[in-house]
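Topology and contacts: notes
These are the residues of each chain, in order.
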Amino acid sequence: MKKKLNLAPVFFVGPHVILFAVFVLLPTIYGIYASFTKWNLMNEPVWVGLDNYKTILFNTESTFHTQFQNGLKNTFIFVGLSVPLLIVIPLMIAVALEHKKVKMKNVIQSILYIPGLISISAAALIWLLIFNKQLGITGNIFGSQIAWPTNQPYAWLIIIVITVWGGVGGNMIIYRASISGVAKELYESAELDGAGSIRRFASITLPSIRFPLIYTFVMTTAGAFNVFGQPLMMTDGGPRQSTHVLMMYIRQLAFGNGESIAGMASAMAVLLGLIILVISALQYYVMNRNAA
Amino acid sequence: MSNQVQLDQPLQNRTGKRKGASDRSISKYISYLFLLSLCVVWVIPVIFGISTSFRSQTEVVSSGFRLFPEQWIFENYVAILNNTSTAPILRWLMNSLFIATTHTFLVVIVISITGYGYSRMNFKGRDTLFFTLLGISFFPGVVNLIPSYKIIDALGWVNTSWAMIIPGLAGMGNIFLVRQFMNGLPKELDESARVDGASDFRIYLSIIVPLIKPILIVCALFSFTGSWNDFLWPVIVYTDVDKMPVTAGLLLLQDIYGNYRMIGQLMGSAILAIIPTMLLFLFAQKYFVQSINLNSGIKG
């Protein structure tokens with residue numbers, strides 16, 4: 001009797017625990033371990049202590065140091081440019097859609113949501129043609145004589161455009177749902193008191209959707225730090241590595257042509273992971289405290 | 001003092017109302033202008049991609065940017081579907097379809113069974129286990145990327161569909177959602193069934209699963225589109241052109257069609273890769289735009 005009671009949960013929870021151990025726990029621990037080793041993915045890793053970290057962070061003559069610095073800088077540029085837009089634009093859309101007199105809300109919402117369901121590689125092929133000097137919009141309609149993917153600041157511009165185009169949908173849905181949950185009476189009484197729409201937004205809408213705002217801000221930022229597909233497809237890191245993000249270096253070192261430098265790549269991955277953790281925690285802490 | 005307030009009150013109300021009303025019609029036009037201009041920008045790439053896939057190479061090169069073709073041709077699609085060597089699009093689409101469908105099917109099974117365990121069963125350390133796993137899963141995934149490849153390699157799954165089907169089943173996000181949803185169902189349901197002698201498996205299958213269908217559908221849809229659109233992982237685990245999914249294949253196309261020599265075909269391939277998720281959205285729109293996807297959020 002007792003035995004039977006103990007075994008049933010094993011069948012329900014057990015299979016996933018095994019999956020979790022093999023595909024999440026083990027690789028995470030191994031990833032941290034590998035960052036302290038010299039490893040080429042084929043042979044056994046050789047323990048080198050903090051050497052990888054020392055090289056990446058302090059050895060100014062090493063290419064790994066330059067790569068990490070450049071990759072991290074570019075990743076931060078991407079985060080800094082994309083995250084505010086991915087919060088503000090969806091919020092503006094949600095507010096505009098909430099307007100009583102706006103019609104066809106669902107059609108508009110679908111149109112703005114759909115790019116989020118398109119894979120980055122398919123989307124990038126189309127957008128690259130749009131930004132093509134000879135065949136696209138930039139040359140033919142705006143008369144620009146510059147090849148956008150290979151010149152700054154246009155290279156960043158097209159990366160951000162495709163990111164915003166594909167990325168506003170998710171946050172828009174979350175904001176819409178939260179705004180429609182705010183009590184209508186609040187707006188009505190504010191309107192009677194003569195509060196304009198900007199005032200109503202600032203003192204009713206924003207405070208009421210505090211939790212979804214924090215949540216989307218943290219998640220969007222963490223996602224943006226993992227950026228990879230947009231720069232790989234749109235600019236391939238150019239011009240002169242100025243859009244080469246950290247994730248691209250990590251993949252290149254571990255899986256690129258020539259011998260794999262997986263230990264060094266793992267150390268970069270751990271550093272990126274730590275940065276994401278610290279920034280997420282900071283965001284959560286600061287926003288929660290300021291709002292309380 | 002109190003008199004004055006009373007006198008002022010109605011006047012303030014009236015001006016307040018008027019200001020609100022005119023304010024609202026101005027803000028209506030601003031809202032429309034903003035939303036419609038966004039919509040135009042949002043659909044242009046899709047229309048442009050579709051129409052270019054029906055244009056001949058000479059027309060694309062000679063007449064520059066046009067939203068619609070001068071002459072609609074189907075040769076691009078014929079050429080795409082006949083290409084079975086350098087860029088086997090049809091093969092890639094089949095791979096993607098197999099991967100995404102199998103993955104989704106397994107996700108639904110795993111999250112419903114595991115969710116049942118964490119929500120409806122009582123065993124020692126249940127919640128500790130659940131929250132420990134949940135906590136670990138918040139650790140940034142970039143750290144386990146390289147060892148994950150090594151594990152897939154050790155299992156002999158490099159260049160096979162399993163590389164994309166199985167690892168994603170380990171995630172905690174969907175299980176969290178299912179558990180939340182199940183916790184909202186009354187306990188009396190399974191207790192009365194248990195009194196009647198029903199086993200856990202029986203309760204799971206005939207009582208719980210039918211009740212959690214809405215959340216399972218949502219998780220299934222996001223698993224399918226997530227798997228279909230995944231990019232970083234397939235770019236790492238596939239080198240065999242015949243085995244890769246369409247997202248990784250399109251990366252190769254950029255080189256194969258190099259310098260935009262076969263633009264119509266390039267656009268046609270991109271459009272074909274988009275169609276399945278679009279169809280899914282058309283048929284299941286209401287599930288996609290529920291705010292339940294709070295979790296499925298933002299993938300890189």
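Further up the page is the structure itself.
Residues numbered from 1 in each chain as written. Chains lettered and ligands numbered in written order. Predicted model: local features only at pLDDT ≥ 70, side-chain atom pairs only at ≥ 80, totals over all residues. Heavy atoms only, no water.

Structural notes on the overall build of chain B
A count of helical and extended segments in chain B gives 14 helices and zero strands. The linear arrangement of helices and strands in chain B, starting from the amino end, is α-α-α-α-α-α-α-α-α-α-α-α-α-α. Residues classed as buried in chain B amount to 47% of the 300 residues present. Accessible area of chain B: about 14700 Å², with a carbon and sulfur share of 64%. (Helix = DSSP H or I, 4+ residues; strand = E, 2+ residues; numbered from the N terminus. Buried < 20%, exposed > 50% of the residue type's maximum accessible area, 1.4 Å probe, protein only. Areas by Shrake-Rupley, 256 points an atom, 1.4 Å probe, with all protein chains shown as cover.)

Quick notes on the nonpolar core
In this structure, Ile93, Leu112, Met234 and Ile250 of chain A together with Ile146 of chain B are the most contacted members of the largest nonpolar core, which totals 176 residues. Of the residues forming this core, the biggest block, 14 residues, is contributed by helix 3 (residues 63-98) of chain A. Residue assignment places this core across two domains, with domain 1 (2-52) and domain 2 (77-292) of chain B each supplying three or more. Sequence-distant contacts of Ile146 of chain B, defined by excluding residues within four places in its chain, comprise Trp39, Leu41, Ile250, Ala254, Phe255, Ala262, Ala265 and Ser266 of chain A. (Core = buried A, V, L, I, M, F, W, Y, C linked by side-chain atoms within 4.5 Å. Domains from an automatic or database assignment. Contact = heavy atoms within 4.5 Å.)

Concerning a positive patch on the surface
Residue and element names in this part refer to chain A. Side chains of Lys100, Lys101, Lys103 and Lys184 sit close together on the surface and give a patch of like positive charge. Position of Lys184 relative to the elements: it lies in helix 8 (residues 184-192). Residue Lys184 is classed as partly exposed on the basis of its relative accessible area of 38%. (Patch = residues over 30% accessible without salt bridge, like charges linked within 9 Å, V, L, I, M, F, W, Y side chains within 5 Å. Salt bridge = Lys/Arg side-chain N within 4 Å of Asp/Glu carboxyl O. Lys, Arg positive; Asp, Glu negative; His and termini not counted. Charge placed at Lys NZ, Arg CZ, Asp CG, Glu CD.)

Examining the interface of chain A and chain B
Contact residues are listed per partner, giving 95 residues for chain A and 98 residues for chain B. Buried surface at the junction of chain A and chain B, summed over both partners, amounts to about 8600 Å²; 79% is from carbon and sulfur atoms. Its largest share of buried area at the contact with chain B, chain A owes to Phe12, Phe23 and Leu117 of chain A, together 9% of the area lost on that side. At the junction of chain A with chain B, the criterion picks out zero salt bridges. For the interface between chain A and chain B, the tally reads 13 residue pairs in polar contact (both at pLDDT 80 or more). At 19 residues, the largest contribution of residues to the side of chain A that touches chain B is made by helix 1 (residues 2-34) of chain A. (Buried area = accessible area lost by both parts, 1.4 Å probe. Polar contact = N/O pair within 3.5 Å; in protein donor to acceptor, adjacent residues only side chain to side chain.)

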